[in-house]
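For reference, the chains in residue letters:
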Amino acid sequence: MDLRASPSDEAFRAGLRAWLDATLATLPPEPARDDWPARVAYDTDWQKRLFDAGYAGMSWPREYGGRDAPPSEQLIFLEECSNAKAPYVGVNFVGTLHAGPTLIAEGTDAQKAAHVPKILRGDEVWCQCFSEPDAGSDLAGLTTRAERDGDHYVVTGRKIWCSFGQIGEFGELLARTDPTAPKHKGISWFILPMDLPGIEVRPIETILGSSEFCEVFLDEVRVPADCLVGAENDGWRVTNVTLSFERGTAFVSEMVDAMRMAVELAPHVHDPADRRELGHVVAEFDALWALTKRNVSRAARTGDTGLGGMLMKLAYSEARDRLGELSMRVLDRGVFDVHEPFVEERLRTLSLTIAAGTSQIQRNIVGERVLGLPRERAWPAPGTEG
Amino acid sequence: MHFDLTDDQEALRDGIRAVCQGRFPSERVREGFDRETFDALGETGVFSLIADGFSWADASIAFEELGRAVVPGPLVWGVLAHGLVDGVPTGLDRPAPGAPAMVEHLAAAGAVLVLDADAVRVVPADAVAGVALDWPLDPLTPVTRVTDLPTGEVLAGADVTRWRRAGAVLTAAFQVGMAHACVEQATAYALDRRQFDRPVGSFQAIKHLLADALVRAEVARTAVHAAAVTLDDPEVGDLDRAISGAKLLAGEAALKNAKASVQVHGGMGFTWEVDAHLYLKRAWVTNTAFGAPDACADRVAATLPGGA
């Protein structure tokens, strides 16, 4: 058990730092959050620069243009980019971290050829159409229908929390192809060209007053049958395959930023009780940084982060909440202004305990899959009156 | 970088765990600590790990297992003072003049190690005057209220700063083991205990309590491993910050998880018969040794800008 970086990791870090130093100086100014065309231009330009320098697709296989880097280099890449305040993955999020890996794992040769290289170069922006108004934590209960009609599927339904819905050229779509099968067995995964007739996208105004998510209405949208990824009714498995691409680095950028914010807040924390709370929060971030190294080490050895990967989101989102509340207390009357970065971050990070599996669902998963506790009985329980 | 247990470390962990299961079941643990316990532990090699060339990371792995079994005794002092004093060692921080001082396991001890600002000093146990508490909080940790603590002799070859750091790491490791044992014991009870025609562990109110306890124990374990690795190889981090953070989180995990275990056991958790109270009481008393939680949090904060 050690924490020493290998010479090859150090060499990778040095090369990346030099490239970041040279490249970040040449970037245009960051666009406003609500200027979506400018955000697309800025984020895809960054993706192209990464691609040209060989840093795109750190975890992707080489045959698809990726770097196939060991988990330790993936960790260093994210750590250094965050430390240098390099642009975030931004609008490339769904494509590079979810749709691309899914197509690589499950797509046909034609599907891969059509999309994978473009995603990696930043030439194609994707959005996600998974959740529905009545299918959130219970995602497999989704009811958007896809009915086969000759060479097409006819899709009707409503999707919500679609990240980048207003700008995505393609969407990852989950729809029900067999309403008679058990709920996990009748879902299929589709590539959804977002310019098809019958698709209406409406931005959702979030707690930040911006529109990071959209609602997507699908009214008899005719999706070509060759957009089906994997087998019909096998979409639940296809969705979960992508998760195995994650090698313990999911919260690295978040955590580097959180630690930087804690350090930036520190000079303003004078009250002894607040300073003690700051020490507590930073001790937790330090521990979670160590847990990241634990997960990455385990992934490098076994391909799986194990228990630590399951715990990370739960633990990080709670620690981040503590930092958020501390910062609001320290700002005192400064909390009135959302332009104050700590205020904006306090609002943004409220989503951490909700998005991608609420903390309550995460606790169920830990309790049932790790501790082996039984599932709660179905409601209404058999033999009881509703 | 391989920040995970090596095959040898897994074997060490399994070996110490097997020893604890064989020689320190609950009935034996409840008999308390004496010279015989000390010798039995000495035979397993846990006190001589560092002297035998093992790392602090290895020693912390062993102490995690001792904590899991809530083995009684001045175990941390057994490692720190190994080979340096005769008889069972115990110890304490030098109290401020006039302040009350408590020393654990004095009756079984041969030597009392005193951590001064400048050195470790040793006092023969029979030279320490005090009154043994007739009702100590932790029934397995007898305590003496010291009325006279002689200055003692400087212990050659003992670096007081290193002792404080290593003592904090081993205590924290012990606490992590306790925190994990509490999750395991409470989970077993939640699977077995039935109310409303179902195991109580199926209720999310119980499940979430246990899930949070597991998260705390696992995060604290990682912090302790990082602190131990940094003690072995100080160039990889900020040693005092790593140790203070680890001791803080481990102490919190031991205490909160023991309370969770009492709660999950319900009425039985309030009885002498169930082990949950032994873990809770040890969590409280170990939090007073080698860095109390608040002091640890303050020390982490002091490493940040604006600190004193």
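Here we take up the overall build of chain B. What chain B contains, in helices and strands, is ten helices and nine strands. Taken along the three principal axes of its C-alpha coordinates, chain B extends 65 × 50 × 40 Å. Put simply, chain B has 308 residues, and 51% of those count as buried.

The secondary structure content of chain A amounts to eleven helices and eight strands. Its C-alpha radius of gyration of 22 Å places chain A within 12% of the 21 Å reference for a compact globule of 386 residues. Along the first, second and third principal axes, the C-alpha set of chain A runs to 65 × 60 × 45 Å. Out of the 386 residues belonging to chain A, those deemed buried represent 41%. Across chain A, the fraction of contacts at a sequence separation of at least 24, relative to all contacts at a separation of at least 6, is 70%.

This part takes up the nonpolar core. Within the largest apolar cluster, 197 residues are counted, with the highest numbers of intra-cluster contacts made by Phe190(A), Val169(B) and Leu210(B). Not counting chain neighbours up to four residues away, the residues in contact with Leu210(B) comprise Gly367(A), Leu371(A), Leu373(A), Val183(B), Ala186(B), Thr187(B), Ala190(B), Ala260(B) and Val264(B).

So, on to the domain arrangement of chain A. A common way to express how large an interface is: the accessible area buried when the components associate. All names here are of chain A. Assigned domains within chain A: domain 1 (7-88), domain 2 (126-235) and domain 3 (246-370). Using only C-alpha atoms to locate each centre, domain 1 and domain 3 end up separated by 23 Å. Listed per partner, the contact involves eleven residues of domain 1 and eleven residues of domain 3. Here the residues of the side of domain 1 that touches domain 3 sort into five nonpolar, five polar and one charged.

Residues and elements named next belong to chain B. When the domains of chain B are assigned, the result is domain 1 (7-80), domain 2 (89-154) and domain 3 (160-302). For domain 1 versus domain 3, the distance between C-alpha centres works out to 18 Å. Listed as interface residues are 16 residues of domain 1 and, on the opposing side, 24 residues of domain 3. Mapped by element, the contributors of at least two residues to the side of domain 1 that touches domain 3 are helix 4 (56-68) and helix 5 (75-80). The residue makeup of the side of domain 1 that touches domain 3, split by class, is nine nonpolar, four polar and three charged.

A word on the environment of Glu368(A). Residue and element names in this part refer to chain A. Residue placement: Glu 368 occurs in helix 11 (residues 359-370). For the pair Glu 368 and His 280, spaced 88 residues apart in the sequence, the C-alpha separation amounts to 29 Å. Apart from the residues within four sequence positions on either side, Glu 368 is in contact with Leu 373 and Arg 375.

All names here are of chain B. Taken N-terminus to C-terminus, the directions of helix 4 and helix 7 (residues 204-232) make an angle of 145 degrees; their axes are 8 Å apart at the nearest point. Between helix 4, through Trp 56, Ala 57 and Ser 60, and helix 7, the contact on the second element is made entirely by Val 224, His 225, Ala 228, Val 229, Leu 231 and Asp 232. Along the lines of polarity and charge, the residues of the contact of helix 4 with helix 7 split into six nonpolar, two polar and one charged.

Before going further, it helps to spend a moment on helix 3 (residues 35-44) of chain B. Residue and element names in this part refer to chain B. Within the span of helix 3, buried status applies to Thr 37, Phe 38 and Leu 41. Down the axis of helix 3, the sector holding all buried residues measures 100 degrees, keeping them to one side. In helix 3, the exposed positions that point more than 90 degrees away from the buried face belong to Arg 35, Glu 36, Asp 39 and Glu 43. Residues of helix 3 that are buried in the fold lie against helix 5. Where helix 3 terminates, the next one or two residues include Gly 45, which has phi positive at roughly 90 degrees.

The next subject is the sheet that holds strand 1 (residues 89-93) of chain B. Here we have four strands laid out as an open sheet, ordered 1-3-4-7 (chain B), and mixed in their pairing. Single-partner strands in this sheet number two, and they are strand 1 and strand 7 (153-154) of chain B.

Let us now look at the environment of Gln204(B). Checked against the element boundaries, Gln204(B) lands in helix 7. Since 16 C-beta atoms lie within 10 Å of it, Gln204(B) is described here as partly exposed. The sequence separation of Gln204(B) and Ala156(B) amounts to 48 residues, and the corresponding C-alpha distance is 56 Å. Not counting residues within four places of it along the chain, the set of residues in contact with Gln204(B) comprises Asn364(A) and Glu376(A).

This next bit is on the confidence of the model for chain B. Interpreting fine coordinate detail is not advised for predicted regions of low pLDDT. Averaged over every residue, the pLDDT of chain B is 97; the share at 70 or more is 100%. Scoring of the predicted complex yields 0.95 for pTM and 0.96 for ipTM.

On to the interface of chain A and chain B. Opposite the 46 residues of chain A that make contact, chain B presents 48 residues. Counting residues per element, the ones that place at least two in the side of chain A that touches chain B are helix 8 (272-302), helix 9 (307-331) and helix 11 of chain A. Element by element, the count of residues in the side of chain A that touches chain B is highest for helix 8 of chain A, at 18 residues. Of the residues assigned to the side of chain A that touches chain B, the class counts are 23 nonpolar, eight polar and 15 charged.

Residues and elements named next belong to chain B. Read across the open sheet, the three strands follow the order 2-6-5; overall the sheet is antiparallel. Of all the strands in the sheet, the pair left with one neighbour each is strand 2 (101-104) and strand 5 (129-132). Geometrically, the sheet is characterised by an average inter-axis angle of 40 degrees between neighbouring strands, direction not taken into account. Where strand 2 lies against strand 6 (residues 143-148), four bridges are found, and the strand directions are antiparallel. Within strand 6, the position partnered with Met 102 by the bridge is Arg 145.

On to the pairing of strand 5 (residues 187-193) of chain A, then. Residue and element names in this part refer to chain A. For strand 5, the tally of buried residues reaches six of seven residues, placing the bulk of the element in the interior. Strand direction decides the pairing type here: strand 4 (residues 170-176) and strand 5, joined by seven bridges, are antiparallel. Looking across to strand 5, one finds that Leu 173 is bridged to Phe 190. The sheet contact formed by strand 5 and strand 8 (residues 228-229) spans two bridges and is antiparallel. Pairing of Phe 190 across the sheet is with Leu 228, part of strand 8.

Cut-offs used in this document
Residues numbered from 1 in each chain as written. Chains lettered and ligands numbered in written order. Predicted model: local features only at pLDDT ≥ 70, side-chain atom pairs only at ≥ 80, totals over all residues. Helix = DSSP H or I, 4+ residues; strand = E, 2+ residues; numbered from the N terminus. Buried ≥ 20, exposed ≤ 12 C-beta atoms within 10 Å, placed from the backbone. Rg over C-alpha atoms; globule rule 2.2 N^0.38 Å. Contact = placed C-beta atoms within 7 Å. Core = buried A, V, L, I, M, F, W, Y, C linked by C-beta atoms within 7 Å. Domains from an automatic or database assignment. Nonpolar A, V, L, I, M, F, W, Y, C, P; charged D, E, K, R; others polar. Axes fitted to C-alpha atoms, helices over the stretch in contact; angles between N-to-C directions. Arc of directions from axis to C-beta. Pairing = 2+ DSSP bridges. pLDDT = per-residue confidence, 0-100.

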